[in-house]
Amino acid sequence: MPPLSEPIADSRRYDLDWLRFIAFALLIFYHIGMFYVSWGWHVKSVYASPAAEPLMSLLNPWRLSLLFFISGVAVRFAADKMAAGAFAASRLKRLGLPILFGITVIVVPQPYFELVQAGEFEGGYPAFYRDYLNPVQLFPMITPTWNHLWYVVYLLVYVLILAPFMKPLSRFAAGTGGESFGKALGHPASLLFVVILPFIAYALIFGDRFPETHDLLNDWHNHANRFTIFLIGYFAAKNARFWNAVDRARWPAAGFVLAIGAVIIVYTAIPGFRESYPLGLLAGTALMTLYAWSMIVLLMGLAQRLLNRKSRLLAYLTEAIFPYYILHQTIIVIAGFYLTQLALGAWPEFALVMLATVGGCVLLHEFVIRRIGWLRPLFGLRPRARRNGGGLSPAAAQA
């Protein structure tokens, strides 16, 4: 294929809408996987084992970084069309209502079934809910909690931080800042290797001191990573040189993904290999960071070649995926808690958990959420459905 011509300007980004859906879908499957691996999670299957951990390790480094990058792109497109105050108000409504509804309604079964399975709570759900909202902490965990909705919380905070500076920042990104950004990252080599430098530094400086907690006020390593990739997305949004570099870097990125991915699988799948052949902190951090960014570049490069087109399916999925995200983890926890008690076998149980999660998300969105006007804003949807081509826009981005 020939190189892409100017791919951006103010054109709609259907490719990133597809990637956003793919990233959220993978996140849902990742959380189903968390029910089955040996790593700690809210509830666990009786069949939990390390078997799926190599695959999970391939997804973990980049899945959320891609979402924060796309959110940065979406914020740039949205903020360029709105006054700062109106933009902040719209994001407060669009993200704040799902956060509040999620914390007080959707997420609540997750800590309940977690405590029940751990033998740390024996009462019924109404009694738990009363104590869940009690400002006095009565459980061996902090409640109320946002659990998987931390992504939405962090995104809203980042948007509100930027909101007062949106107009000058937009002018800077469209002028000298964008020009410098394009020059710095306009070559495949610089795109692949310069972007990863701050993330390597964050890991070396903050990694041991601030492990990832999803505690908004004490999660500084996580904030450094997420806010930086969010800003990169913001500056990249309309920068043609950046996207042309992505196109040219997609095959080198694929090479790094394959090579480093093989190392990740070996280190994860072979017992004792990590201890016998340890990577130093700097080497391990650099390889993992290069792998994550290379995967993102590869996906973006392929998407702008293959997926940058509108469709009715994309328009539907663009609306549906955010409610799916809000619902999915609670469905996994409830279905998993009950199904694993039936001792059906690992594969039948997995199939039923998958069916319950995907089916529950699809059915609840299609027949309840999108059809009830007052429910729509609680799941991040506009009060009334609007037909559009499905391209990346404020309506599509949930950012």
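One can find the structure itself at the top, above this paragraph.
Now for a look at the structure at hand. Numbering of residues starts from 1 in each chain and follows the order in which that chain's sequence is written. In view of the model being predicted, local features appear only for residues whose pLDDT reaches at least 70, and side-chain atom pairs are presented and counted only at 80 or more, with totals across whole chains, interfaces and linings using the full set of residues. By convention in this description, side-chain values take in all heavy atoms of the structure and omit both hydrogens and water.

A run of H or I in DSSP becomes a helix once it reaches four residues, and a run of E becomes a strand once it reaches two; helices and strands are each numbered from the N terminus. Summing up its helical and strand segments, the chain has 18 helices and zero strands in all. The globule rule is 2.2 Å times the number of residues to the power 0.38, and the radius of gyration it is compared with is taken over C-alpha atoms. For the chain, the C-alpha radius of gyration of 21 Å lies close to 21 Å, the compact-globule estimate for 399 residues. Along the first, second and third principal axes, the C-alpha set of the chain runs to 60 × 60 × 40 Å. Within the chain, the fraction of its 399 residues that count as buried is 54%. The contact criterion used throughout is that any non-hydrogen atoms of two residues lie within 4.5 Å. Counting only contacts in the chain whose residues sit at least 6 apart along the sequence, the fraction spanning at least 24 positions is 79%. For the chain, the exposed surface amounts to about 17,800 Å²; the carbon and sulfur share of it is 69%. Distance from the positive charge centre (32 side chains) to the negative charge centre (20 side chains) of the chain: 14 Å. When accessible area is computed with a 1.4 Å probe and restricted to protein chains, residues below 20% of their type maximum are described as buried, those above 50% as exposed, and intermediate ones as partly exposed. Using the Shrake-Rupley algorithm and a 1.4 Å probe, accessible areas are obtained, with residue cover drawn only from the displayed protein chains. The charge count treats Lys and Arg as positive and Asp and Glu as negative. His and the chain ends do not count. All charge positions are set by atom: Lys at NZ, Arg at CZ, Asp at CG, Glu at CD.

What follows covers the packing of aromatic side chains. Side-chain rings of Phe, Tyr and Trp (the six-membered ring for Trp) are treated as a pair once their centres are within 6.5 Å; stacked means planes under 30 degrees apart, edge-to-face means over 60, and tilted covers the remaining angles. Under the criterion given, the structure shown has 44 aromatic pairs. Summarising the aromatic geometry, the rings of Y158 and F230 are spaced 6.0 Å apart at their centres and angled 50 degrees between planes, so their arrangement reads as tilted. Separated by 72 residues along the polypeptide, Y158 in helix α7 (residues 150–162) and F230 in helix α12 (residues 220–236) bring together distant segments of the chain. Overall, the relative accessible area of 3% leaves Y158 in the buried class. According to the relative accessible area criterion, F230 is buried, its value standing at 0%.

Time to look at the layout of surface pockets. Considered as a void within the structure, the largest pocket measures approximately 1,400 Å³ in volume. In this structure, the largest pocket is lined by 41 residues; those nearest its centre are N60, P61, T285, M288 and T289. Every element with two or more residues in the lining of the largest pocket is listed here: α3 (63–79), α11 (196–206), α12, α13 (240–269) and α15 (281–306). With nine residues, α15 is the largest single contributor of residues to the lining of the largest pocket. When residues are sorted by character, Ala, Val, Leu, Ile, Met, Phe, Trp, Tyr, Cys and Pro go into the nonpolar class, Asp, Glu, Lys and Arg into the charged class, and all the rest, Gly among them, into the polar class. The class makeup of the residues in the lining of the largest pocket is 23 nonpolar, 13 polar and five charged. Among the elements of the structure, α1 (14–34), α3, α5 (109–117), α7 and α16 (312–339) are those that each provide at least two residues to the lining of the second largest pocket. Top contributing element to the lining of the second largest pocket by residue count: α1, with four residues. Residue composition of the lining of the second largest pocket, grouped by class: 14 nonpolar, ten polar and four charged. Definitions used throughout: a 1 Å grid over protein atoms alone; a cavity as a set of points that fits a 1.4 Å probe which cannot get out; a pocket as an open set with protein on both sides within 12 Å along at least five of seven lines; a lining residue as one with an atom within 4 Å of a point. Grid points are joined across faces, edges and corners, and a volume is the space filled by probe spheres set on the points.

F69, F242 and W293 are the most contacted members of the largest nonpolar core, which has 121 residues in total. Tallying contributions element by element places α16 first for this core, with 15 residues. Residues contacting F69, with those up to four places away along its chain left out, are I229, I232, G233, A236, F242, W243, W293 and M300. In this description, a nonpolar core means a group of buried Ala, Val, Leu, Ile, Met, Phe, Trp, Tyr and Cys residues linked to one another through side-chain atoms lying within 4.5 Å.

Attention now moves to unusual backbone geometry. The amide bond that connects T143 to the next residue, P144, takes the cis arrangement and shows omega of -10 degrees. Secondary-structure assignment places P144 in the loop between α6 (125–132) and α7. We note that N147 has phi near 45 degrees; this positive angle belongs to a residue other than glycine. Within the secondary structure, N147 is located in the loop between α6 and α7. On the accessibility criterion, N147 (15% relative accessible area) is buried. Backbone geometry places A343, a non-glycine residue, at a positive phi of 50 degrees.

Moving on, we get to the environment of D15. Along the chain, D15 falls in helix α1. Separated by 67 residues in sequence, D15 and M82 place their C-alpha atoms 23 Å apart. Here D15 is in contact with A303, Q304, L307 and N308, once residues within four sequence places are set aside. As used in this structure description, the phrase polar contact means that two N or O atoms lie within 3.5 Å; if the pair is within protein, one of them must be able to donate a hydrogen and the other to accept it, and residues adjacent in sequence are counted only when both atoms belong to side chains. There is a polar contact of 2.4 Å between the side chain of D15 and the side chain of R13.

Checked against the element boundaries, T357 lands in helix α17 (residues 346–367). With near-sequence residues (within four places) excluded, T357 lies in contact with I28, I32, H328, I331 and I332.

Should a side-chain nitrogen of Lys or Arg be within 4 Å of a carboxyl oxygen of Asp or Glu, the pair is scored as a salt bridge. If you walk through the whole model with that rule in mind, you get eleven salt bridges. A salt bridge links R250 to D247, with the shortest nitrogen-to-oxygen separation between them at 3.2 Å. Of this pair, R250 and D247 both sit in helix α13, three residues apart, roughly one helical turn. The exposure class of R250 is buried, given its relative accessible area of 9%. The class for D247 is buried, based on a relative accessible area of 2%. E319 is the partner of R376 in a salt bridge, and the nearest nitrogen-oxygen pair spans 2.9 Å. Taken together, the residues R376 in the loop between α17 and α18 (394–397) and E319 in helix α16 connect sequence positions 57 residues apart. Taken as a pair, R376 and E319 share a single burial class, namely buried. One network of salt bridges, in which partners are shared, links E319, E366, R370, R371 and R376.

What is shown is where atoms sit, not what they do.
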